[in-house]
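Summary of structural features
Given next are the chains, with one letter for each unit.
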Amino acid sequence: MRPPDAPFSWQRVALYFCLCVFLVFFLAPLYVMLMTSFKSLEEIRESNLLLPPQFWFFGGWSKAWDHACVGLSCNGVKPHFMATFAITIPALMLAVFIGALNGYALTQWKFRGSDLLLGGLLMGCFMPFQLYLIPIAITLRELGIFGTALGLILLHTVYGVPLATLLFRNYYVTLPPELMKAALIDGAGFFRIFFHIVLPMSPSIIMVAVILIFTGIYNDFIFALTFGEVGQQPVMAALNNIVNSTYGVKEHNVNMAATLLTALPTLFIYLVAGKFFIRGLTSGAVKG
Amino acid sequence: MSLTIKNLSKQFDTISVLKNINLEIRQGEFLVLLGPSGCGKSTLLNCVAGLEAIEDEGSILINAQEVTDKAPKDRNIAMVFQSYALYPTMTVRKNITFGLQCRRTPKAQIEQTLRKTVELLQISDLLERKPAALSGGQRQRVAIARALVHEPDVFLLDEPMSNLDAKLRAEMRVELKNLHRRLNATIVFVTHDQVEAMTLATKIAVLNQGVMQQVGSPDEVYHTPENRFVAEFIGTPRMNLISGKLAQSEGKVWVQSNGLRFPAGHYSFREPPNEGRPVVLGVRPENVHATLGDREERTTLGVDVRVSNVENMGADLSVFCEYQDTQLIGRFLKISEKPSYGEQIRVWMDCAGCSIFCQSTGERL
C-alpha cells in the first residue's frame, strides 16, 4: 500500500523552493568547472562562464593528466597520482589495522589505565597539525626518511591511528561481553579472538574508517607540501603547483581538469564504499 | 569431576558481592544456584569459569585440583550463556568446532566429536547456517553443543533458558534433564526461576545478597527452609507467614497469634522452645484447606477468614483470605470448593509440615 499523496500546500512549495536554491548553490561551481574544463582557452576568454562549450575540447584534460608542468617536470598529475596512492594505501591499511587492534584491546582487554591511554590517544585527534611541523621535521630527519614516501606513510599512519581507534573503540564497546567470555572459555587467545571473531564482525566500521581516513590522507596538503619528495609530491601538492604557477598564461581549462581529476578518487570511494555502510552485522549473536 | 568452592569472597570496588561462599559439588550432581537478580549468582559462576579474577579470598578446586589462578581454558569447563553468545559470523559447524580448533584437536577427531554431538542434540541439518538464521531453541541447542564437544569436567549454565518462551522452556527442561542423566555430567546451573530450580536440580543453593542461604536437595529447600528468605523465595503462591509468640500449655507447644493458637507440638525444635519467644510461623498454601476432611485435628487449626481474591489456576485455586490484618493464601484442589469474593469461610491450616522462624533473625528454629 502506498501512502496517499500529501495534499498540496504552500509550505511544501516553500520547502522545495529552498531545497532547489541550495542545490543550485552547491552544484553551480561544479557545473562551471566541468564546462570550463571542456572549453578551449579562446572560448573561455570569449564566452559566458555559464554556457556549455560550443566546441567540446578535450585538450585541457589530456594536458592536465599528461603534461601540465609541476615545477620543472611537465608530466601532468599522472605520476603524482601514483605517488599519492603509494603513500595513501599503505598508511590507510596500517592506520585502520592498528586502530582496530587498539579499539579491541581498549574495550575487550581493559587494563589499569586503559581509559587514560584512550584519552591520550584522542588528544591526537584534536591537535592541529601545524603544531607538530617542526618536531616532525626533526624526527623524520633523525630517522633518515625526511622528504621520502616512507616518511609520509609513517606520518599518516601515526595521525590516522587516533581517529581509527576512536571509531573502532566506539563500535567494539557495544559487542556483547558474553562473546568474549565464550571465546576465552573456548581457549582462544588475544589474536585469535581478534582475527576470527571480532574482525569478521567489523566490515561496516572498517568501511567507515577507510572512507574517513582515506579522505584525510588523500586530501592532506600541509604534510604533502612540507615533507613530500621533490618531483614525487602527492597529488594535492602537485595540483597546487599547477594551479598556482605564477608565470605564463593561466590555463583555466587545464586547472579545472586537474582539479576534477584530483577530486575523483574521494568521490569514487564515497559512492562505492557508501554501500557498505550497513548495520545489523551482529544480529544473531545474542537474542534476535 | 567435582567442584569445590572454598571461602570465596568477591568485591567490586567497595561493594561486597560474594561473602564467604562454600560449596561442594560432586560428580553427576546438578546444582542450581538460585537467587533474585543481583544476588551474586552469575558472579559466582564467572568466578568458577575464571572470567572473574578472585583477588580477595577463597579458592576453587576442580577435581581436587587448585584452579583459582588458572585461565578459563585450562579449567576444563564449558559454559552456556543466557544470550547463547554464538559467534555471529561463523556457521553452526564453526561455532561448535572453534574451541576444538583452538585446542589443536586433530581434524578427524573434531569431525567425529562434531557428528556425535549434533546427532545427540538433533541439529545435524543446521550445520551450515549462521546463528542469525536460527530460532531461539535452535540457538540454545547449538550453544549446548558448543559446550558438550569439550567433554568438560563441569558444565556451567548461566540462565540459559530465560530467553525462551514458556512452552519451549518446558521442553528444554526435560531435554536438559535427560542429557544430564545420559552423560552423568556435573552441572552448575544459574537461574532466578524457582520452577527451573525445583525441576532440574539434584541440589539447590539459594543465594541472597552474596550470602549463601541454604544448600540442599529440592525437597529439603522446599520443606525445611533454613530461613525466612528461602521460605518466601521458593514456592508459588508464597508461603504464609504469621507472626506470633511461642506458648506452652497442656504439655504442648503452640504458636499464639491474634487470638489463634496454632499447634506446634509435633515440630522438632533445634533448641528448646522458650515460652514467649517472638516467632514467625510458616505454612505453605497447599496446607491450607477448604475442609478438614480426614486430616489430623492434632495439627490442624480452623480459622475464620474473609475471601479477598480467588485465582483460578485450572487444576487448583489460589484463594487469598484475610484474617484480621494477616493475609493467608490457600490452594484448594477442588474447583467445587470455589468460594466467592467477600465470602466468610473457615479454612483449615495443617501445621504438620510447618516451619517456625525466629522473628528477629529470620533463622529456622
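For clarity, every value in this text was computed on a predicted model and none was experimentally measured.

Here is what the cut-offs are and how they apply
- Residues numbered from 1 in each chain as written.
- Chains lettered and ligands numbered in written order.
- Predicted model: local features only at pLDDT ≥ 70, side-chain atom pairs only at ≥ 80, totals over all residues.
- Pairing = 2+ DSSP bridges.
- Helix = DSSP H or I, 4+ residues; strand = E, 2+ residues; numbered from the N terminus.
- Axes fitted to C-alpha atoms, helices over the stretch in contact; angles between N-to-C directions.
- pLDDT = per-residue confidence, 0-100.
- Buried ≥ 20, exposed ≤ 12 C-beta atoms within 10 Å, placed from the backbone.
- Domains from an automatic or database assignment.
- Nonpolar A, V, L, I, M, F, W, Y, C, P; charged D, E, K, R; others polar.
- Contact = placed C-beta atoms within 7 Å.

1. Details of the sheet that holds strand β12 (residues 252–257) of chain B
Residues and elements named next belong to chain B. Strands sit in the order β13-β12-β11-β14-β20 across an open sheet of five strands; the sheet is antiparallel. On the outer flanks of this sheet lie β13 (260–263) and β20 (355–358), each paired with one strand and no other. Mean inter-strand twist for the sheet, computed between neighbouring axes without regard to direction, equals 45°.

2. Quick look at the confidence of the model for chain B
Put simply, chain B has an average pLDDT of 91, and 100% of its residues get 70 or more. Model confidence for the complex is summarised by a pTM of 0.83, with the ipTM given as 0.84.

3. A closer look at the pairing of strand β6 (residues 77–80) of chain B
It is a general feature of regular strands that their side chains alternate between the two faces of the sheet. Residues and elements named next belong to chain B. The alternating pattern of β6 places Ile 77 and Met 79 on one face and Ala 78 and Val 80 on the opposite face, and all of these are buried. In this structure, β6 lies alongside strand β7 (residues 154–158), joined through four bridges in parallel fashion. Bridge pairing in β7 places Ala 78 opposite Phe 155.

4. Some points on the domain arrangement of chain A
All names here are of chain A. The domain architecture assigned to chain A consists of domain 1 (11–57) and domain 2 (79–276). On a C-alpha basis, the centroid separation for the pair domain 1 and domain 2 is 34 Å. Of all the secondary structure elements, the ones that give two or more residues to the side of domain 1 that touches domain 2 are α1 (10–37) and α2 (41–46). Among the elements that make up the side of domain 1 that touches domain 2, the one with the highest residue count is α1 (four residues). Residues belonging to the side of domain 1 that touches domain 2 are distributed by class as follows: four nonpolar, three polar and one charged.

5. Description of the interface of chain B and chain A
The partner chain A presents 21 residues to the 23 residues of chain B that form the contact. Elements supplying a minimum of two residues to the side of chain B that touches chain A: β6 and α2 (92–102) of chain B. Of the residues belonging to the side of chain B that touches chain A, the class tally is 15 nonpolar, five polar and three charged.

6. Considerations on the sheet that holds strand β3 (residues 30–34) of chain B
Residues and elements named next belong to chain B. Spatially, six strands are ordered β6-β7-β8-β3-β9-β10 in an open sheet, and the strand pairing comes out mixed. If you trace the sheet from one side to the other, it starts and ends with β6 and β10 (211–216), each paired once. For this sheet the average axis-to-axis angle between neighbouring strands, irrespective of direction, equals 20°. The pairing of strand β9 (residues 203–208) with β10 spans five bridges and is classified as antiparallel. For Asn 208, the partnering residue across the bridge sits in β10 and is Val 211. Where helix α4 (residues 136–148) meets the sheet, its contacts fall on β6 and β7, and the angle it forms with β6 comes to roughly 175°.

7. Brief notes about the environment of Thr36(A)
Residues and elements named next belong to chain A. Note that Thr 36 resides in helix α1. Looking at Thr 36, the number of C-beta atoms within 10 Å reads 20, which means it is buried. Separated by 180 residues in the primary sequence, Thr 36 and Gly 216 have C-alpha atoms spaced 28 Å apart. Contact partners of Thr 36, with chain neighbours within four places excluded, come to Ile 44, His 252, Asn 253 and Met 256.

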